[in-house]
Amino acid sequence: MSDQGLAAWKLPLIVAGICVSIVAAFYVGGPGMGMAEGSLVAGIIVVMAVRHPPLHPIVPPPPSDLREHLLVVVDEPLEDGTAIERIAAASVPLDPAEPEPEVRVVAPACNRFLDRWACDVGPGRERAQRSLVLTLASLARAGVAANARIGDEDIVQTVTDQLRTYPATEVFLVTADGDQTSAAAEELRSRLHAPFHHLRSAPGYPKATAAGSFAA
């Protein structure tokens, strides 16, 4: 896991720089300038704290049984043959005597600008539900039984919410190419305390046609 926190030696330098700037303002311009400088620095600190809150690790709860638990998050219907093969392979127990892993598929309910403006979450949930129906059908054709949930609009928040109660032993994020999803994947990779895989749906992907077979 990568550590995105500040290095230990940076924090004393930042504090020293803040103190020196305020003291210098008092010395050069008197109390008025010193107070103004202190207020400016305080405002900057508040803005930075709001924009960059501390990122805590995302730790799933321990499983209550011996089987694996897969969490699959999709931001669009899962029909990419390669991604389906990866998930299907992970859903097969290594030992035939072991129980089959549980697979949970979650689709974030993404709302468009007008829906947010009107405080109407219905269309976003309908799109997520449609995505789940198509994804479950694709997985079923590959021999994977799964249950489904609708999640938060934010991908990272969706994973965080699910892992409050779901003991995921492996997490898959399936997305199309895009800066927003790539940033979410990087954050999950750094914070998630479970094996994580980011699968991208390629344009012109093969679609599943039957269990274990795919057509272009």
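Everything below is about the structure printed above this text.
Not measured: the values here are computed from a predicted model.

Novice: Help me understand the overall build of the protein in this model?
Specialist: Across its full length, the protein holds 6 helices and 7 strands. Its helices and strands in sequence order give the protein the pattern α-β-α-β-α-α-β-α-β-α-β-β-β, from N to C terminus. Out of the 216 residues belonging to the protein, those deemed buried represent 33%. Partitioning the intrachain contacts of the protein with sequence separation of at least 6 by distance along the chain shows that 74% fall at a separation of at least 24. Here the protein has roughly 12900 Å² of accessible surface; of this, 62% comes from carbon and sulfur atoms.

Novice: Please explain helix α4 (residues 122-141) as it appears in this structure.
Specialist: Since the α-helix packs 3.6 residues into each turn, any two residues three or four apart lie on the same face. In a regular helix each residue adds 1.5 Å, so 20 residues correspond to 28 Å; α4 covers 29 Å between its end C-alpha atoms and thus fits that length. Gly143, located one to two residues past α4, shows a positive phi value of around 85°.

Novice: Explain the environment of Glu100 here, please?
Specialist: Looking at the secondary structure, you find Glu100 in the loop between α2 (81-90) and β2 (102-108). The exposure class of Glu100 is exposed, given its relative accessible area of 58%. Counting along the chain gives 32 residues from Glu100 to Glu68, while the straight-line C-alpha distance between them is 7.5 Å. For Glu100, the contacting residues outside a window of four places in its chain are Arg67 and Pro93.

Novice: Would you mind going over the environment of Val174 with me for this structure?
Specialist: For Val174, the position within the fold is in strand β4 (residues 170-175). Residues Val174 and Leu199, spaced 25 residues apart in sequence, show a C-alpha to C-alpha distance of 4.7 Å. Not counting the four nearest positions on each side in its chain, Val174 is found in contact with Val72, Val73, Val74, Asp75, Leu78, Ala83, Ile87, Leu199 and Ser201.

Novice: Explain helix α5 (residues 155-162) to me, please; I cannot follow it from the model alone.
Specialist: Across the 8 residues that make up α5, a large majority, 6, are buried. Where α5 is concerned, the buried positions are Ile155, Val156, Thr158, Val159, Thr160 and Gln162. The distance from a side-chain oxygen at the start of α5 to the backbone nitrogen of Val156 is 3.1 Å, and the residue carrying that oxygen is Asp154.

Novice: Sorry, what's going on with the pairing of β4 here?
Specialist: Working note: regular strand, side chains alternate between the two faces of the sheet. Most of β4 sits out of view: 6 of its 6 residues are buried. Sheet topology note: the strand β1 (residues 69-74)/β4 ladder contains 5 bridges and is parallel. Across the sheet, residue Val74 finds its bridge partner in β4, namely Val174. Where β4 and strand β5 (residues 196-200) come together, 5 bridges link them in parallel fashion. When the sheet's bridge partners are listed, Phe172 is paired in β5 with His197.

Novice: I keep staring at the sheet that holds β2 and nothing clicks. Help me out?
Specialist: Remark on secondary structure: sheet strands pair via backbone hydrogen bonds, oriented parallel or antiparallel. Taken together, 5 strands build an open sheet; the order of strands is β3-β2-β1-β4-β5 and the sheet is parallel. For this open sheet the edge positions go to β3 (147-151) and β5, each flanked by a neighbour on one side alone. Ignoring which end each strand starts from, the neighbouring axes of this sheet average 20° apart. Relative to β2, α4 is tilted by about 150°, and along the sheet it contacts β1, β2 and β3.

Novice: How do you make sense of the side chain of Thr181 when you look at a structure like this?
Specialist: Along the polypeptide, Thr181 turns up in helix α6 (residues 179-191). Judged by relative accessible area, Thr181 falls into the buried class, the value being 10%. Setting aside residues no more than four positions away along its own chain, Thr181 makes contact with Asp75, Ile155, Leu173, Thr175, Ala176 and His198.

Basis of the calculations
- Every chain's residues receive numbers from 1 upward, in the order its sequence appears when written.
- Local features are withheld for residues below a pLDDT of 70 in this predicted model, meaning they are given only at 70 or higher, and side-chain atom pairs are given and counted only at 80 or more; totals for whole chains, interfaces and linings count all residues.
- With hydrogens and water stripped out, all remaining heavy atoms of the structure feed into the side-chain values.
- Each helix is a run of H or I in the DSSP string that is no shorter than four residues. Each strand is a run of E no shorter than two, and both are numbered from the N terminus.
- Burial classes follow relative accessibility: with a 1.4 Å probe on protein chains only, a residue under 20% of its type's maximum area counts as buried, one over 50% as exposed, and anything between as partly exposed.
- Throughout, a residue-residue contact means that at least one pair of heavy atoms, one from each residue, lies within 4.5 Å.
- Surface accessibility in these figures is a Shrake-Rupley result with a 1.4 Å probe; residues are shielded only by whichever protein chains are displayed.
- Expected helix span is taken as 1.5 Å per residue step, with the number of steps being one fewer than the number of residues.
- Polar contacts here mean pairs of N or O atoms no more than 3.5 Å apart (in protein, one a potential hydrogen donor and the other a potential acceptor; neighbouring residues in sequence count only if both atoms are side-chain atoms).
- By the convention used here, strands pair only if DSSP detects at least 2 bridges between them.
- Lines fitted to C-alpha atoms define the axes here, with helix axes fitted over just the stretch in contact, and angles between the N-to-C directions of these axes take values from 0 to 180 degrees.

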